[in-house]
Amino acid sequence: MRSADEGQDSRWGDEGGDADDDAAFKPLTREQAQALKARSPLLSPWQIVAAQALAGLLCVLLWGLFTFEAGKAWSALFGAIAVVLPNALMAWGTTRRPMNHAGAALVSLMIWELIKIFLVIAILVAVVKMVGNLSWPALLLTMIVCLKVNWLVLLTRGRFKKISDGN
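First, a word on what this report is: a plain description of the structure on this page. (Residues numbered from 1 in each chain as written. Predicted model: local features only at pLDDT ≥ 70, side-chain atom pairs only at ≥ 80, totals over all residues. Heavy atoms only, no water.)

**What to know about the overall build of the protein chain**
Next up, step 1: The number of helices and strands found in the protein chain is eight helices and zero strands.
Next up, step 2: Out of the 167 residues in the protein chain, the part that is buried amounts to 24%.
Next up, step 3: When contacts within the protein chain are restricted to residue pairs at least 6 apart in sequence, those whose partners lie at least 24 apart make up 73%.
Next up, step 4: Summed over all atoms, the accessible surface of the protein chain reaches about 12700 Å², with 67% contributed by carbon and sulfur. (Helix = DSSP H or I, 4+ residues; strand = E, 2+ residues; numbered from the N terminus. Buried < 20%, exposed > 50% of the residue type's maximum accessible area, 1.4 Å probe, protein only. Contact = heavy atoms within 4.5 Å. Areas by Shrake-Rupley, 256 points an atom, 1.4 Å probe, with all protein chains shown as cover.)

**Looking at helix H7 (residues 136–156)**
Next up, step 1: With 21 residues, H7 ought to run about 30 Å at 1.5 Å a step, and its terminal C-alpha atoms sit 30 Å apart, in line with that.
Next up, step 2: Its axis deflected by about 25° at Lys 148, H7 carries its strongest bend there.
Next up, step 3: Buried residues along H7 sit against helix H4 (45–67), helix H5 (70–95) and helix H6 (102–130). (Expected span 1.5 Å × (residues − 1). Bend = angle between axes of the 7 residues up to and from the residue.)

**Considerations on the pattern of salt bridges**
Next up, step 1: The tally for this structure, following the rule as stated, stands at two salt bridges.
Next up, step 2: The residue Lys 116 makes a salt bridge to Glu 113 at a minimum N-O spacing of 3.5 Å. One end of the pair is Lys 116 and the other is Glu 113, both in helix H6 and three residues apart, which spans about a single turn.
Next up, step 3: Accessibility expressed as a relative area gives 18% for Lys 116, which makes it buried. (Salt bridge = Lys/Arg side-chain N within 4 Å of Asp/Glu carboxyl O.)

**Side note on the packing of aromatic side chains**
Next up, step 1: One pass over the structure, following the stated rule, counts two aromatic pairs.
Next up, step 2: Seen from their ring centres, Trp 74 and Phe 78 are 6.1 Å apart, and the 35° between their planes marks the pair as tilted. One end of the pair is Trp 74 and the other is Phe 78, both in helix H5 and four residues apart, which spans about a single turn.
Next up, step 3: Seen from their ring centres, Trp 92 and Trp 112 are 5.9 Å apart, and the 90° between their planes marks the pair as edge-to-face. Here the residue Trp 92 occupies a position in helix H5, and Trp 112 occupies one in helix H6, the gap between them amounting to 20 residues.
Next up, step 4: Look at Trp 112 and you get buried, because its relative accessible area is 12%.
Next up, step 5: Over the face of the ring belonging to Trp 92 we find Arg 96, whose NZ or CZ atom lies 5.1 Å from the ring centre. (Phe/Tyr/Trp six-rings, centres within 6.5 Å; stacked < 30°, edge-to-face > 60°. Lys NZ or Arg CZ within 6 Å of the ring centre and 35° of its normal.)

**Brief notes about the side chain of Ser 135**
Next up, step 1: Tracing the chain through its elements places Ser 135 in the loop between H6 and H7.
Next up, step 2: Exposure remark for Ser 135: the relative accessible area of 9% places this residue in the buried category.
Next up, step 3: Other than its neighbours up to four places away in sequence, Ser 135 contacts Lys 72 and Ser 75.

**Section: a nonpolar patch on the surface**
Next up, step 1: There is a patch of nonpolar side chains on the surface, built from Trp 46, Leu 89, Trp 92, Leu 106, Val 107, Leu 109, Met 110, Ile 111 and Ile 115 and spanning about 820 Å² of accessible area.
Next up, step 2: Within the secondary structure, Leu 89 sits in helix H5.
Next up, step 3: Judged by relative accessible area, Leu 89 falls into the partly exposed class, the value being 30%. (Patch = residues over 30% accessible without salt bridge, like charges linked within 9 Å, V, L, I, M, F, W, Y side chains within 5 Å.)

**Structural notes on the state of the cysteines**
Next up, step 1: Following the criterion strictly, the structure yields zero disulfides and no others.
Next up, step 2: No disulfide involves Cys 59; its sulfur sits 5.8 Å from that of Cys 146, the nearest cysteine.
Next up, step 3: Of the residues examined, Cys 59 reaches a relative accessible area of 10% and is grouped as buried. (Disulfide = S-S within 2.5 Å.)

**A closer look at the environment of Leu 154**
Next up, step 1: For Leu 154, the position within the fold is in helix H7.
Next up, step 2: Using a relative accessible area of 42% as the deciding quantity, one classes Leu 154 as partly exposed.
Next up, step 3: The spatial distance from the C-alpha of Leu 154 to the C-alpha of Leu 43 is 8.5 Å, given a sequence separation of 111 residues.

The following block contains the structure:
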């Protein structure tokens, strides 16, 4: 059997300590931290909900214009509602009052996420039971577009401001 010292690989650099890491890390001054915070403002969950609603309405319009079938446009609308309404409720629930304790904020986030999941399931079950000529492709594709617009918002965050400022 090999000892614990023989089994360690020296390529990991654990023996040398953290001298390189200490030299590379420089704490920010108060002014630098405030400038960094001003350059990258917080993203409101309401901005994401608004982007999802716009994407959902665009999908509804496209389904209505290109298929000329009201059933597909309604199915797309129900798909948008199944994403936007639960996310709006979660945004309201998580932002209605500030949390001073990180554990309480995490529990609140988990509870609202669970409520959101149950609401999505309830909306989809209600749509299946109540809508006779449901178009599954229109409903599901609109749901996917509304869900994926989150990434588009995050990717374009701050880019339009930089373009308009002339940077």
